[in-house]
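Structural features, examined
So you can see what is in the structure, the chains are spelled out below.
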Amino acid sequence: MSTTTSANRFENKIVFVTGAAKGIGRATAIAFAREGARLALADFDDKANSETADFIRKEGGEAITLHVDVTSENEVRSAVNETMAEFGRLDVAFNNVGRIQKPTPLAESTLDEWRIIMESNALGVFLGMKYEIPALLKSGGGAIVNTSSGAGLRGRKGFALYTAAKHAVAGLTRAASLDYARQGIRVNAVAPGPVDTELAHVVTGGSQDGIAAMEVTQPIGRLGQPEEIASAVLWLASPEAGYTLGTVLPVDGGRTAG
Ligand SMILES: NC(=O)c1ccc[n+]([C@@H]2O[C@H](COP(=O)([O-])OP(=O)(O)OC[C@H]3O[C@@H](n4cnc5c(N)ncnc54)[C@H](O)[C@@H]3O)[C@@H](O)[C@H]2O)c1
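Residues numbered from 1 in each chain as written. Predicted model: local features only at pLDDT ≥ 70, side-chain atom pairs only at ≥ 80, totals over all residues. Heavy atoms only, no water.

Considering the pairing of strand S4 (residues 92-95)
The following threshold applies: Note on exposure labels: buried denotes an accessible area under 20% of the residue type's maximum, exposed denotes more than 50%, and partly exposed covers the range between, all computed with a 1.4 Å probe on protein chains only. Elements are defined by DSSP. Helices are runs of H or I of four residues or more, strands are runs of E of two residues or more, and each kind is numbered from the N terminus. Pairing between two strands is assigned when DSSP locates at least 2 bridges connecting them.
With burial as the criterion, each face of S4 is covered, one bearing Val92 and Phe94 and the other bearing Ala93 and Asn95. Strand direction decides the pairing type here: strand S1 (residues 14-18) and S4, joined by three bridges, are parallel. When the sheet's bridge partners are listed, Val15 is paired in S4 with Val92. Relative to strand S5 (residues 142-147), S4 runs parallel, the two being bridged by four bridges. When the sheet's bridge partners are listed, Ala93 is paired in S5 with Ile144.

So, the nonpolar core
Going by this rule: Side-chain atoms within 4.5 Å are what join buried Ala, Val, Leu, Ile, Met, Phe, Trp, Tyr and Cys residues into a set we call a nonpolar core. Throughout, a residue-residue contact means that at least one pair of heavy atoms, one from each residue, lies within 4.5 Å.
Membership of the largest hydrophobic core comes to 29 residues, with the highest contact counts inside it found for Phe32, Leu39, Leu41, Ile56 and Val190. If you list the elements that add at least two residues to this core, you get S1, helix H1 (23-34), strand S2 (38-43), helix H2 (46-58), S4, S5 and helix H8 (226-237). For this core, the leading source of residues is H8, giving seven residues. Leaving out residues up to four positions away in the same chain, Ile56 has contacts with Ala29, Ile30, Ala33, Leu39, Leu41, Gly61, Glu62 and Ala63. Counting residues in each nonpolar core, the second largest holds 27 residues, with Val80, Tyr131, Ala135 and Val187 among its members.

Notes on the site of the ligand
Condition: One heavy atom within 4 Å of a molecule or strand makes the whole residue count as near it. Two N or O atoms count as a polar contact when they lie within 3.5 Å, although within protein this holds only if one can serve as hydrogen donor and the other as acceptor, and sequence-adjacent residues are included solely when both atoms are side-chain atoms.
Every one of the 29 residues lining the ligand counts as a neighbour, but Ile24, Asp43, Tyr162, Val195 and Thr197 are closest to it. Contact between the ligand and Phe44: a nitrogen atom at 3.4 Å from a main-chain N or O atom of the residue. Thr197 is positioned with one of its side-chain polar atoms (N or O) 2.5 Å from an oxygen atom of the ligand. At the level of secondary structure, the elements contributing two or more residues to the shell around the ligand comprise H1, helix H5 (160-180) and helix H6 (198-204). At three residues, the largest contribution of residues to the shell around the ligand is made by H6.

Structural notes on the environment of Leu234
Structurally, the position occupied by Leu234 is in helix H8. Judged by its relative accessible area of 2%, Leu234 is buried. In the structure, Leu234 is positioned 140 residues away from Phe94 in sequence and 9.6 Å away in space, judged by C-alpha atoms. Every residue in contact with Leu234, bar those within four places of it in the chain, is listed here: Arg9, Phe10, Thr28, Ala31, Phe32 and Glu35.

A closer look at the packing of helix H4 (residues 111-138) against H5
A pair of packed helices is captured by two measures, namely the crossing angle of their axes and the spacing between those axes. Note the threshold: Fitted lines through C-alpha atoms give the axes, limited to the stretch in contact for helices. The angle between two N-to-C directions lies from 0 to 180 degrees. The labels follow the angle: roughly parallel below 35 degrees, roughly antiparallel above 145, roughly perpendicular from 65 to 115, and oblique for the rest. Note on convention: the crossing is left-handed when the near helix lies turned anticlockwise from the far helix by less than a right angle, right-handed when the turn is clockwise. Only Asp, Glu, Lys and Arg are considered charged in this grouping, and only Ala, Val, Leu, Ile, Met, Phe, Trp, Tyr, Cys and Pro are considered nonpolar; every other residue, Gly among them, is considered polar.
The contact between H4 and H5 brings their axes to 8 Å, and the two run at 15°. For the element pair H4 / H5, the angle class is roughly parallel. The two elements H4 and H5 cross, and the hand of that crossing is right-handed. Here H4 contributes Glu113, Trp114, Ile117, Met118, Asn121, Ala122, Val125, Phe126, Met129, Ile133 and Leu137 to the contact with H5, which in turn contributes Leu161, Tyr162, Ala164, Ala165, Lys166, Ala168, Val169, Leu172, Ala176 and Tyr180. Split into classes, the residues belonging to the contact of H4 with H5 amount to 18 nonpolar, one polar and two charged.

Here we look at the pairing of S5
Defined as follows: For a crossover, the right-handed case is the one in which the path from the first strand over the helix to the second runs clockwise, viewed with the strands pointing away from the viewer.
Among the six residues in S5, six count as buried, and that is most of the element. On S5, burial covers both faces: Gly142, Ile144 and Asn146 on one face and Ala143, Val145 and Thr147 on the other are all buried. Between S5 and its parallel partner strand S6 (residues 185-192), the chain crosses via H5, and the hand of that crossover is right-handed.

A few points about the environment of Val248
Along the polypeptide, Val248 turns up in strand S7 (residues 248-251). Judged by its relative accessible area of 9%, Val248 is buried. Counting along the chain gives 77 residues from Val248 to Gly171, while the straight-line C-alpha distance between them is 9.2 Å. Every residue in contact with Val248, bar those within four places of it in the chain, is listed here: Ser148, Leu153, Ala170, Arg174, Ala189 and Ala191.

With respect to the side chain of Thr147
The residue Thr147 is located in strand S5 in this model. Assessed through its relative accessible area of 5%, Thr147 is described here as buried. A polar side-chain atom of Thr147 sits 3.0 Å from a polar atom in the side chain of Asn96. Beyond its immediate chain neighbours, meaning those up to four positions away, Thr147 contacts Phe94, Asn95, Asn96, Lys166, Val169, Val190 and Pro192.

As structure tokens, this is what we get:
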């Protein structure tokens, strides 16, 4: 599904996106670029990240790529610094990296898995905001959007570690929004339901049967497309959402409505 728009809400805005190489991050980076933003694309998959940048440039947009493991404080700090050095300011940050666990009852999960899931989801968002906020303040304010999940709003059977990590993202979002509400920074999160990306295939197995089994559990009867999450992120980051902060917005085909 492609979403085209004639709006130019982000003309010349500088937007930093983590997890920009694939899935929701890539679709969101492209959507920002189509509305006039200049992009700093952060990911640890350099090859796929370059493909996102090439796609944006072919459409006439501007993008730089940054090699970042969001669990490394040095790499996150350098990436934000490089963005400021290249563009001179920062207006929007989308802290989107996340990894899902293999479905497992809690007692069968390992400490290593806990560290990987907590660090890629929650530590990444903490470090992102820690270095983006001073850059946003220097730029006169802006917006942060983090990626939580339906598992950040509800418990999910077989996904205790991912549920804990995405609740942490929701908590960081709400508390940070209060810390900076008076300083012109709005912090919000999206909470996607199942979206058709590589990550979702860890759950569905990627097979037609696995996808169909997931679709049956969805009130809307289908998975979401990355572009449908992107449009919510752009709204949260736009001036139209000027009175919206500390929200964890479900974009999930009705999954958390019942
Ligand atoms: N797809 C879904 O069904 C779904 C549902 C709810 C929430 N989410 C969340 O949406 C976000 C994006 O997921 P997606 O479906 O696009 O996943 P994806 O696997 O398609 O893309 C994730 C991207 O993050 C990058 N990445 C992973 N770990 C990294 C790290 N430590 N440092 C830097 N880059 C790293 C990967 O290289 C990849 O480009 C995640 O936070 C995920 O938890 C996804």
